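# Analysis of the macromolecular model
Listed below are the residues making up each chain.
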Amino acid sequence: MSEEIQQALLKVGELARKTGKTVRALRLYEEMGLLSPAGRSPGRFRLYGRDEVARVHWIGKLQRMGFSLPQIRGVLESVEGSRTAPGAMQGVRELFRTRLEDTRRQVAELLELERDLAESLAYLEGCRGCEETHGPGICASCDNQEGDRHRRRAPSL
């Protein structure tokens, strides 16, 4: 490998800094076949091409989407094992479509949780001025007239 090519390559520590990953994570990616060094320096340091920066970012994004490293490896193996680009992309499309449906379902659940929390907080605001000396067990049947709390039904939370 020429010295000019070596200078364009990154050592594992440089790749880690550019991608925000740890050296340990990059070594794990390499062990799992997700990442391959372009070669080694005369000092036997792993050297990575500039494309590996994009690959590490891609792996990180897939992880944030909820894919495990073995699943990511499966995607890569499927893409690399396909004879045609459309064939390779069909599997990726299906995987992403399923993940999108799951994500939309999670978003709907989170929006429902947000509504429940907002209702509960609004309801509990009526308790702010309570000066009753009874225990909290009586709160569910409270008829305190402060604000509009008495007109609201108790929230689900």
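Here we summarise the structure given alongside this text.

## Quick word on the overall build of the chain
- Within the chain one finds 6 helices and 3 strands.
- Moving toward the C terminus, one meets the helices and strands of the chain in the order α-β-α-α-β-β-α-α-α.
- Of all 157 residues assigned to the chain, the portion counted as buried reaches 24%.
- Taking contacts inside the chain between residues at least 6 apart in sequence as the whole, the part at least 24 apart equals 54%.
- Working note: accessible area of the chain is about 11300 Å², and carbon and sulfur atoms make up 53% of it.

## Concerning the pattern of salt bridges
- Evaluated as defined, the whole model comprises 5 salt bridges.
- We note a salt bridge from E30 to R46, for which the minimum N-O separation is 2.8 Å. Note that E30 is positioned in helix α3 (residues 23–31) and R46 in strand β3 (residues 46–48), a separation of 16 residues in sequence.
- Of the charged contacts in the structure, one is a salt bridge between R97 and E94, with a shortest N-O distance of 3.2 Å. One end of the pair, R97, and the other, E94, are both in helix α6 (residues 85–125), 3 residues apart, so they sit about a helical turn from each other.

## So, the side chain of T19
- For T19, the location among the structural elements is in helix α2 (residues 12–19).
- A residue is classified by how much of its surface remains accessible, and T19, at 11% relative accessible area, is buried.
- Side-chain polar atoms of T19 contact the backbone oxygen of L15, separated by 2.8 Å.
- The contact partners of T19, leaving out residues within four places of it in the chain, are V53, V56 and H57.

## With respect to the sheet that holds strand β1 (residues 10–11)
- Read from one edge of the open sheet, 3 strands run β1-β3-β2, paired in antiparallel fashion. The sheet is open, and its two edges are formed by β1 and β2 (39–40), each paired on a single side.

## Thoughts on the packing of aromatic side chains
- Inspection of every chain in the model, using the stated rule, returns 1 aromatic pair.
- For the ring pair F67 and F96, a centre distance of 6.2 Å and an interplane angle of 40 degrees mean the geometry is tilted. Taken together, the residues F67 in the loop between α4 (51–64) and α5 (69–81) and F96 in helix α6 connect sequence positions 29 residues apart.
- F67 sits in the buried class, given a relative accessible area of 5%.
- Judged by relative accessible area, F96 falls into the partly exposed class, the value being 34%.

## Examining α2
- Along α2, the residues classified as buried are V12, L15, A16 and T19. For α2, the angular spread of buried residues about the axis comes to 100 degrees, placing them on one side.
- Buried positions along α2 lie against β1, α3, β3 and α4.
- Positive backbone phi, approximately 75 degrees, marks G20, located one or two places after α2.

Conventions used here
Residues numbered from 1 in each chain as written. Predicted model: local features only at pLDDT ≥ 70, side-chain atom pairs only at ≥ 80, totals over all residues. Heavy atoms only, no water. Helix = DSSP H or I, 4+ residues; strand = E, 2+ residues; numbered from the N terminus. Buried < 20%, exposed > 50% of the residue type's maximum accessible area, 1.4 Å probe, protein only. Contact = heavy atoms within 4.5 Å. Areas by Shrake-Rupley, 256 points an atom, 1.4 Å probe, with all protein chains shown as cover. Salt bridge = Lys/Arg side-chain N within 4 Å of Asp/Glu carboxyl O. Polar contact = N/O pair within 3.5 Å; in protein donor to acceptor, adjacent residues only side chain to side chain. Pairing = 2+ DSSP bridges. Phe/Tyr/Trp six-rings, centres within 6.5 Å; stacked < 30°, edge-to-face > 60°. Arc of directions from axis to C-beta.

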